[in-house]
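Reading the structure
Letter by letter, the chains look like this.
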Amino acid sequence: MALRIWASSTANALRLSSATRPHFSPLSRCFSSVLDGLKYAHSHEWVKHEGHVATIGITDHAQDHLGEVVFVELPDIGGSVTKGTGFGAVESVKATSDVNSPICGEIVEVNTNLKETPGLINSSPYEKGWMIKVKPSNPSELEALMGPKEYTKFCEEEDGGH
């Protein structure tokens, strides 16, 4: 709605005719990407399990709501993570959010590139913006996480309530 008002006032200021004004439908929405092959937590973290290692990061949906990421706090290698508890934080121009681990395990790698380039979480949340790699202590925890279809529905319902 605010975008439509802004577009209308901008068009008026630029003296554009109504025939050349873009039409913005309040029903048109742009949803974030959700990838097949990943598992998703209700707290908007994703997990990619390959062999004995699980890679964890925040979802495209989460980074979109946070806005421009300016700082990332990461744990140390060798530490452990517990399902549902924080292991780091993401600071954006809008807010600071804790990042929770969707599974338990030992941290075997952290994405040190995020210290110098935290915006990788925005530009590439599922590839270059991953946060930690964990050796899961209980791989069956992955089964309790949502698949892509369930996570998409969860996000749609969550956004519909706001």
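Below you will find a few notes about this structure. (Residues numbered from 1 in each chain as written. Predicted model: local features only at pLDDT ≥ 70, side-chain atom pairs only at ≥ 80, totals over all residues. Heavy atoms only, no water.)

Points about the overall build of the chain
- Scanning the chain from N- to C-terminus turns up five helices and nine strands.
- For the chain, the succession of helices and strands along the chain, N to C, is α-β-β-β-α-β-β-β-β-β-α-α-β-α.
- When each of the 162 residues of the chain is scored for burial, the buried share is 40%.
- Expressed as a percentage of contacts within the chain between residues at least 6 apart in sequence, the contacts between residues at least 24 apart total 63%. (Helix = DSSP H or I, 4+ residues; strand = E, 2+ residues; numbered from the N terminus. Buried < 20%, exposed > 50% of the residue type's maximum accessible area, 1.4 Å probe, protein only. Contact = heavy atoms within 4.5 Å.)

Topic: the sheet that holds strand S4 (residues 69-73)
- Pairing in this open sheet of three strands is antiparallel, and the strands run S4-S6-S7 from one edge to the other. Strands with a single pairing partner mark the edges of an open sheet, and in this sheet they are S4 and strand S7 (96-100). On average, each strand axis in the sheet is tilted by 25 degrees relative to the strand beside it, whichever way the strands run.
- Sheet analysis places strand S6 (residues 86-92) next to S7, joined by five bridges and oriented antiparallel. Bridged to Ala89 within S7 is Asp98. (Pairing = 2+ DSSP bridges. Axes fitted to C-alpha atoms, helices over the stretch in contact; angles between N-to-C directions.)

As for the pairing of strand S3 (residues 53-58)
- The element S3 is extensively covered by neighbouring structure, given that five of its six residues are classed as buried.
- Direction of pairing for strand S2 (residues 45-50) relative to S3: antiparallel, over a ladder of six bridges. Bridge pairing in S3 links Glu50 to Val53.
- Taken together, S2 and the strand that follows it, S3, pair antiparallel across an intervening segment of two residues, in which Gly51 is found at a positive phi of about 65 degrees.
- Of the pairings in the sheet, the one linking S3 to strand S9 (residues 132-136) comprises three bridges and is antiparallel in character. Note on S9: the bridge partner recorded for Ile56 is Ile132.

Some thoughts on the environment of Phe87
- For Phe87, the position within the fold is in strand S6.
- For Phe87, a relative accessible area of 9% gives the class buried.
- A sequence separation of twelve residues divides Phe87 from Val99, and the C-alpha atoms of the two residues are 6.0 Å apart.
- If sequence neighbours within four positions are ignored, Phe87 has contacts with Ile56, Leu74, Pro75, Val81, Val99, Asn100, Ser101, Met131 and Ile132.

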